[in-house]
Amino acid sequence: MVMTAVKKNDLCSASIHIEGSEYIDSLVAALATEDVEISQDDNSTIIQVSSVNLSDLRARLNTVLRSLQAASESLIEVDRTA
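What comes next is a walk through the structure. All values derive from a computational prediction rather than experimental measurement.

Rules used throughout
- Residues numbered from 1 in each chain as written.
- Predicted model: local features only at pLDDT ≥ 70, side-chain atom pairs only at ≥ 80, totals over all residues.
- Heavy atoms only, no water.
- Core = buried A, V, L, I, M, F, W, Y, C linked by side-chain atoms within 4.5 Å.
- Buried < 20%, exposed > 50% of the residue type's maximum accessible area, 1.4 Å probe, protein only.
- Helix = DSSP H or I, 4+ residues; strand = E, 2+ residues; numbered from the N terminus.
- Contact = heavy atoms within 4.5 Å.
- Salt bridge = Lys/Arg side-chain N within 4 Å of Asp/Glu carboxyl O.
- Pairing = 2+ DSSP bridges.
- Axes fitted to C-alpha atoms, helices over the stretch in contact; angles between N-to-C directions.

## Digging into the nonpolar core
Part 1 of the argument: Of all hydrophobic cores here, the largest spans 15 residues; its most connected members are Ile16, Leu31, Val36, Ile47, Val49, Val64 and Leu68.
Part 2 of the argument: Breaking this core down by element, the ones donating at least two residues are β1 (12-19), α1 (24-29), β3 (44-51) and α2 (54-81).
Part 3 of the argument: If sequence neighbours within four positions are ignored, Leu31 has contacts with Val36, Ile38, Ile47, Val64, Ser67 and Leu68.

Printed below as a string of structure tokens:
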């Protein structure tokens, strides 16, 4: 991983890579209202979050991660009770 110094008002982005999840369609659906770019191939999904500044990127990324966590926990609970 390469880290570069980012100034507070620079354009910035972050990526989340998810490999081979059987519930990926449900996880992606949980992000329907988020401003993200999603690309998929046979084995992985990449969620790209972008912003005009670092503070906003942090907030957007936090929201995306919380949405993914909530969806994941819901799927686990449904699986457990089925």
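There's plenty left to go through after this.
## Concerning the pattern of salt bridges
Part 1 of the argument: Taken as a whole and judged by the stated rule, the model has three salt bridges.
Part 2 of the argument: A salt bridge links Glu77 to Arg80, with the shortest nitrogen-to-oxygen separation between them at 2.5 Å. A residue pair is termed a helical-turn pair when its members lie 3 or 4 positions apart in one helix, as Glu77 and Arg80 do in helix α2 at three residues.
Part 3 of the argument: Salt bridges sharing common partners tie together Asp35, Asp56 and Arg60.

## Description of the environment of Gln69
Part 1 of the argument: Checked against the element boundaries, Gln69 lands in helix α2.
Part 2 of the argument: Overall, Gln69 belongs to the partly exposed group, its relative accessible area being 48%.
Part 3 of the argument: It is 18 Å that separates the C-alpha atoms of Gln69 and Leu57, two residues lying 12 residues apart in sequence.

## As for the sheet that holds strand β2 (residues 37-40)
Part 1 of the argument: Pairing within the open sheet is antiparallel, and its three strands lie in the order β1-β3-β2. The open sheet has two edge strands, β1 and β2, and neither has a second partner. Ignoring strand direction, the axes of neighbouring strands in this sheet form an average angle of 15°.
Part 2 of the argument: Packing against the sheet, α2 makes contact with β1 and β3, and its axis sits at approximately 145° to β3.

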